[in-house]
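A closer look at the structure
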Amino acid sequence: MTTVTGTAGPLAPPLSMDAYAHCFLTFRKHSTERLAMLRWCQERLVPRLPVKSPFAALSVGAGNGDFDWRLIPILQTQLKNLLYVMVEPNETLCEGLRERIRHYPVSGVRFEIDPVRCENFTIRRPFHLVHFTHCLYYIPDREAAVGHALEAVGADGQVLIFHQTPWGIDQVQQRFLKRVKGSDQEMFTSREIQAILDRGGISYSLEVLDGHTNVTECFRPGSAEGEALLSFFLESDVRHLDPALKQEVVEYLYELTSPREGRRLLYQPVAIFSLPPPKDRG
């Protein structure tokens, strides 16, 4: 193992919005997660969707819309008239979504963007699909958010939750997030979602898709991509983390990985929950 260096400090500073976006894009580049999710949507989701015109979809915590813009063409293989509503509380991200729609309109899709928190979203119509894509970590009352989504879905619709499992990134966060960031309140895995659903007597099916993240760069001294990956995992700018603690993180990450063709791969599966509408709406 190589030794990492950095500027010492009690906690790593938080990531700015731009820094987080950069770290996320770095993670996406090295992860098979998104491809696995989109393949699942093509093969497993689309065939069971009701063919409606318009078909109403609600994306909760849309962020920069990256996943949505890849999901929409998959939905359009079966659905030709879409109403696609994106809920995102960050006004800066919402403006980016509006700008993208203005410059790159999608034929057969009418967009609505609502800059509110999930729990404050006003349900004006029943939706055929409501999806949370890796956003429940950042919603304080997750139980209420799921309940609100179930209220929004129509009798022939469904709620999807794409979420982190207790393996991979979560293992790193369990060990280090509080020490690095000072808080671990956003740690939340598929296991906790199952507990919420079971406690509420909510019906669901769960599928776990295999995947991995290539973290080879994390073990190369001075690698900007390695720093970005570690910062994404720990939701902090690790360039300013105490060098001894950073070395501890890197060594633990190495233990979690497996070698393959000269790379170090972190097992990173993704959980997909499918929730039918409440029975009284069937």
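1. Observations regarding the confidence of the model for the chain
Looking at the chain, the pLDDT average stands at 92 and 95% of residues meet or exceed 70. Every residue in residues 2-9 is under pLDDT 50, and counting partners more than four places away or in other chains gives 25 contacts.

2. Considering the state of the cysteines
Counted under the stated rule, the structure contains zero disulfides. For the unlinked cysteine Cys23, the closest cysteine sulfur is that of Cys218, found at 11 Å. Cysteine Cys41 shares no disulfide, and the gap to the nearest cysteine sulfur, in Cys135, comes to 14 Å.

3. Comments concerning the pattern of salt bridges
Between side chains of opposite charge, a pair can form when the charged atoms approach closely. Within the structure shown, the criterion is met by 20 salt bridges. Of the charged contacts, one joins Arg125 and Glu112 as a salt bridge, the two residues approaching to 3.2 Å between their closest N and O atoms. Taken together, the positions of Arg125 in the loop between strand 3 (109-114) and strand 4 (127-133) and Glu112 in strand 3 put the pair 13 residues apart, joining distant regions of the chain. It is possible to trace a salt-bridge network through shared partners that takes in Glu91, Glu95, Arg98, Glu99 and Arg102.

4. Observations regarding the sheet that holds strand 10 (residues 270-275)
Strands sit in the order 3-2-1-4-5-10-6 across an open sheet of seven strands; the sheet is mixed. Two strands close off the open sheet at either side, each with one partner strand: strand 3 and strand 6 (205-209). Adjacent strand axes in the sheet meet at a mean angle of 15° when their direction is disregarded. Inspection of the sheet shows strand 1 (residues 55-60) paired to strand 4 by four bridges, in the parallel sense. Along strand 4, the bridge assignment pairs Ala57 with Leu129. The strands touched by helix 3 (residues 66-75) are strand 1, strand 2 (82-87), strand 3, strand 4 and strand 5 (153-164); relative to strand 2, the strand with the most contacts, the crossing angle is about 160°.

The rules behind these values
- Within each chain, residue numbers correspond to sequence positions counted from 1 in written order.
- The predicted origin of the model limits local features to residues at a pLDDT of at least 70 and limits the giving and counting of side-chain atom pairs to 80 or more, whereas totals for whole chains, interfaces and linings rest on all residues.
- Derived side-chain values reflect all non-hydrogen atoms in the structure, with water molecules and hydrogen atoms excluded from consideration.
- Per residue, pLDDT measures the predictor's confidence, with a range of 0 to 100.
- Pairs of residues are marked as contacts when any of their non-hydrogen atoms sit within 4.5 Å.
- By definition, disulfides here are pairs of cysteine sulfur atoms that lie within 2.5 Å.
- Salt bridges, as used here, are contacts in which a Lys or Arg side-chain nitrogen is within 4 Å of a carboxyl oxygen on Asp or Glu.
- Only DSSP runs of H or I reaching four residues or more are called helices, and only runs of E reaching two or more are called strands; each is numbered from the N terminus.
- Strand pairing follows a simple DSSP-based rule, namely that at least 2 bridges must link the two strands.
- To obtain each axis, a line is fitted to C-alpha atoms, and for helices this fit is confined to the stretch in contact; angles are then taken between N-to-C directions over 0 to 180 degrees.

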